[in-house]
Number of protein chains: 2
Amino acid sequence: MAADSIVPDVVLAIHGGIGLDKKDMTPELAVKIRADLETSLKAGYAVIAKGGDSLDAVQAAIVVMEDSPLFNAGKGAVFTHDGRNELDASIMEGKTKRAGSVAGVTTIKNPILAARAVMERTKHVMLIGAAADGWAKSTGLEIVDPKYFWTEQRWNQLQEQLRKEKEHRDHGTVGAVALDQRQVLAAGTSTGGMSNKQYGRVGDSPIIGAGTYADNAACAISATGHGEYFIRHAVAHSIVDLMKYKGVPVNEAADEVIQRTLKPAGGEGGVVCLDHRGNFAASYNTDGMYRGYITRDGRVQTLLYEE
Amino acid sequence: MAADSIVPDVVLAIHGGIGLDKKDMTPELAVKIRADLETSLKAGYAVIAKGGDSLDAVQAAIVVMEDSPLFNAGKGAVFTHDGRNELDASIMEGKTKRAGSVAGVTTIKNPILAARAVMERTKHVMLIGAAADGWAKSTGLEIVDPKYFWTEQRWNQLQEQLRKEKEHRDHGTVGAVALDQRQVLAAGTSTGGMSNKQYGRVGDSPIIGAGTYADNAACAISATGHGEYFIRHAVAHSIVDLMKYKGVPVNEAADEVIQRTLKPAGGEGGVVCLDHRGNFAASYNTDGMYRGYITRDGRVQTLLYEE
């Protein structure tokens, strides 16, 4: 349940959702998840190390997790109550505050690329639904049959939830935050939503200020958790404002929101945060949060629970 | 361009969008708009005066403006580039931070009622697109043929914009903020979007933290303007945080965001804000903003420009 303390000299950090309760994790699955987290970190780090943009690093890291069936985003997206896969994603850059977002898309292989394209190829920040799918296709993004997102594991999960007639607390999401050599922060988040959710429901992941925010004057944040609480408390933006207006360090700002605001309200989840000096902090009020970071000199750390 | 100073003892305030440039306003139209603003204020005031909830007051005030063809919300919604009417709305209560929102709906007569219903009848905050329309119908909300939203004035406006091949700066929106006798704040916003916009684009109006926010520890806000800027700067939530973390009064917080953050960035628009003591402030960086307020003793004021 505790937060991590600050880790300095980080250039990229990611999360892969709050994941399974610790008692349900197997050593075999843990190895697989940590391997994909490491692949994601290295994909983003390659961008930063060669002097690339934090936006590109965030995107590269998230695409790896979207393409993995182990995380609730892209390929591994959970199902809605009526058996659909609906995906949401957002991305933001902390210097100019440019941002892009898509929600409720069903055919875009990598929603984070669509969010980036909305940011760069339209005058808008957010596109939703079939209009977003159609637009993504017209811009040349990779389109897949909705069946691409069907995985046996997620389908079985939905069937079990339907039998039990309850919503599983599977608030999986993936996200990344990065700081490039020009000292520009970026953040991005991508999700398959909440398993067994109502069709058309949108959580915090595509909402700038809730699931994603980046401000060079403070930090970059990506969140995962029970999206409704993260929207109502504008979680990502709150962490930025605590740093900007109260002058607290990034780990205290993250704890203030995750442990002392969300937790008493019943909002489960966590955040990864990277400030403009390269200080990384994670905070989560759940059993665990799949996460990792990579430092300027390429040192990789992955964590699933308190370790 | 200037902001209004604080007006004390206000129980309800509304806006009807940034509206026409002053040079395009006629005395006849000004009379009609002010009459509808007054009707809206009195509808909300009736709720507060009899001890009702601020949420009900916000809703009552907004329904009047949604039903008027003079504002870009509900009946008077503008058209997208391809000739559709897409509507967005959100509502929030400042004590418990409950919130509801719909985006991209096309058949719900009063989107603000759908936002309220999402808040109260689902576990979610935000529903989008056809799923939101279908759900609203199933809950018994009034559904209309999309042709209901066709008005000659808005259609001609789109045709003119298509001829000129440019987007009109018509960022109309309606909104309300209220404080009830139990000292609970609420805010709501409703819009027909941006005229000639890309199909599927969502602006700030349905985004909690951008177009709408309410926090009993600070104030309630409804925004109108160029939504992309309002999302990227999390306008409504920023005003709340400036009050909470820097201790500035409501009018200074509003000016800080609208005049000193948005205006230099090129973000046109404004806000109405009501703090938990009943202090009302408006700030806009455009020619005008249709707005009004009503005090505890029933005194009505409506304004279109600096007056």
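Residues numbered from 1 in each chain as written. Chains lettered and ligands numbered in written order. Predicted model: local features only at pLDDT ≥ 70, side-chain atom pairs only at ≥ 80, totals over all residues. Heavy atoms only, no water.

## Concerning the relation of the copies chain A and chain B
What counts is decided by this rule: When the copies are superposed, the least-squares fit draws on C-alpha atoms of residues that have pLDDT of at least 70 in both. Throughout, a contact is declared for two residues whenever any of their heavy atoms are within 4.5 Å.
Between the two copies, chain A and chain B, the superposition gives an RMSD of 0.0 Å; the rotation angle is 180° and the shift along the axis is 0.0 Å. This pairing of chains is accounted for by a two-fold axis. Distance from the rotation axis, computed per C-alpha, reaches its smallest value in chain A at A:Y245: 2.9 Å. Take the interface residues of chain A: 100% of them recur as interface residues in chain B, which is what a same-surface contact looks like.

## Description of the sheet that holds strand 10 (residues 269-275) of chain B
All names here are of chain B. Threshold: Being paired, for any two strands, means DSSP has found at least two bridges between them. What counts as a helix is a DSSP run of H or I of at least four residues, what counts as a strand is a run of E of at least two, and both are numbered from the N terminus. Fitting a line to C-alpha atoms yields each axis, with helices limited to the stretch in contact; the angle taken between N-to-C directions then spans 0 to 180 degrees.
Pairing within the open sheet is antiparallel, and its 4 strands lie in the order 8-9-10-11. The sheet is open, and its two edges are formed by strand 8 (212-214) and strand 11 (280-284), each paired on a single side. Across the sheet, the axes of successive neighbouring strands diverge by a mean angle of 10°, strand direction being ignored. Note that strand 8 and strand 9 (residues 219-225) share 3 bridges and pair antiparallel. Within strand 9, the residue paired with Y213 across the bridge is I221. Each of strand 8, strand 9 and strand 10 is contacted by helix 7 (residues 235-246), which is oriented at about 145° to strand 9, the strand it contacts most. Lying over the sheet, helix 8 (residues 250-265) contacts strand 9, strand 10 and strand 11, oriented at roughly 15° with respect to strand 11.

## Looking at the nonpolar core
To be explicit about the condition: The nonpolar core is taken to be a set of buried Ala, Val, Leu, Ile, Met, Phe, Trp, Tyr and Cys residues, with the residues joined through side-chain atoms within 4.5 Å. A simple rule labels every residue: compare its accessible area, found with a 1.4 Å probe on the protein chains alone, to the largest value its type can have, and call it buried under 20%, exposed over 50%, or partly exposed in between.
Counting 100 residues, the largest nonpolar core has A:I239, A:V271, A:F280, B:I239, B:V271 and B:F280 as the members making the most contacts within it. Beyond its immediate stretch of four places on either side in the chain, A:F280 contacts A:S5, A:I6, A:V7, A:V10, A:A13, A:V272, A:C273, A:L274 and A:Y293.

## Some words on the confidence of the model for chain A
Spelled out, the test is: pLDDT is defined as a per-residue confidence score from the predictor, taking values between 0 and 100.
Confidence in the prediction of chain A, expressed as mean pLDDT, is 93, and 96% of residues score 70 or more. Confidence estimates for the predicted assembly give a pTM of 0.95 and an ipTM of 0.94.

## Observations regarding the sheet that holds strand 3 (residues 99-105) of chain A
The strands making up a sheet associate through hydrogen bonds between their backbones, and the pairing can be parallel or antiparallel. With mixed pairing, 9 strands are arranged side by side in an open sheet as 13(A)-12(A)-1(A)-5(A)-6(A)-2(A)-3(A)-4(A)-7(B). The open sheet has two edge strands, strand 13 (300-303) of chain A together with strand 7 (201-202) of chain B, and neither has a second partner. Helix 4 (residues 129-138) of chain A contacts strand 3 and strand 4 (126-128) of chain A of the sheet and is inclined by roughly 115° relative to strand 3 of chain A.

## Section: the state of the cysteines
All names here are of chain A. The cut-off we apply is this: Criterion for a disulfide: a pair of cysteine sulfur atoms at a distance within 2.5 Å.
Going through the model one piece at a time under the given rule, you end up with 0 disulfides over all chains. Residue C219 stays outside any disulfide, its sulfur separated by 5.1 Å from that of C273, the closest cysteine. Given a relative accessible area of 0%, C219 falls into the buried group.

## Quick word on the environment of A:D145
Residues and elements named next belong to chain A. Note the threshold: For the purposes of these results, a polar contact is taken to be a pair of N or O atoms within 3.5 Å, where, inside protein, one atom must be able to donate a hydrogen and its partner to accept one; residues adjacent in sequence count only when each atom of the pair is a side-chain atom.
By the element assignment, D145 lies in the loop between helix 4 and helix 5 (152-164). Classification of D145 as partly exposed rests on a relative accessible area of 46%. Here the alpha-carbon distance between D145 and T107, two residues 38 residues apart in the chain, equals 6.0 Å. A distance of 2.8 Å separates the side chain of D145 from the backbone nitrogen of K147, its partner in a polar contact.

## Some details on helix 8 (residues 250-265) of chain A
In an α-helix there are 3.6 residues to a turn, and that puts residues three or four apart on one side. Residues and elements named next belong to chain A. The following threshold applies: A helix is expected to span 1.5 Å multiplied by its residue count minus one. Given a residue, its bend is the angle between the two axes fitted to the seven residues that end at it and to the seven that start from it.
Taking 1.5 Å as the rise per residue, helix 8 with 16 residues should run 22 Å; its terminal C-alpha atoms sit 22 Å apart, in good agreement. Along helix 8, the helix axis deviates most sharply at E256, where the bend reaches about 25°. Buried within helix 8 are the following residues: V250, N251, A253, A254, D255, V257, I258, Q259 and L262. In this structure, the buried residues of helix 8 make contact with strand 9 (219-225), helix 6 (227-232), helix 7 (235-246), strand 10 (269-275) and strand 11 (280-284). Immediately beyond the C-terminal end of helix 8, within one or two residues, lies G266, with a positive phi of roughly 90°.

## Quick notes on the pattern of salt bridges
All names here are of chain B. As a reminder of what qualifies: Throughout this description, the term salt bridge denotes a Lys or Arg side-chain nitrogen within 4 Å of a carboxyl oxygen of Asp or Glu.
A complete count under the given rule lists 28 salt bridges over all chains for this structure. Across the pair R116 and E120 runs a salt bridge, and its minimum N-O distance is 3.0 Å. Taken as a pair, R116 and E120 lie in helix 3 (residues 111-121) at a separation of 4 residues, close to a single helical turn. A relative accessible area of 10% places R116 in the buried class. A residue is classified by how much of its surface remains accessible, and E120, at 43% relative accessible area, is partly exposed.

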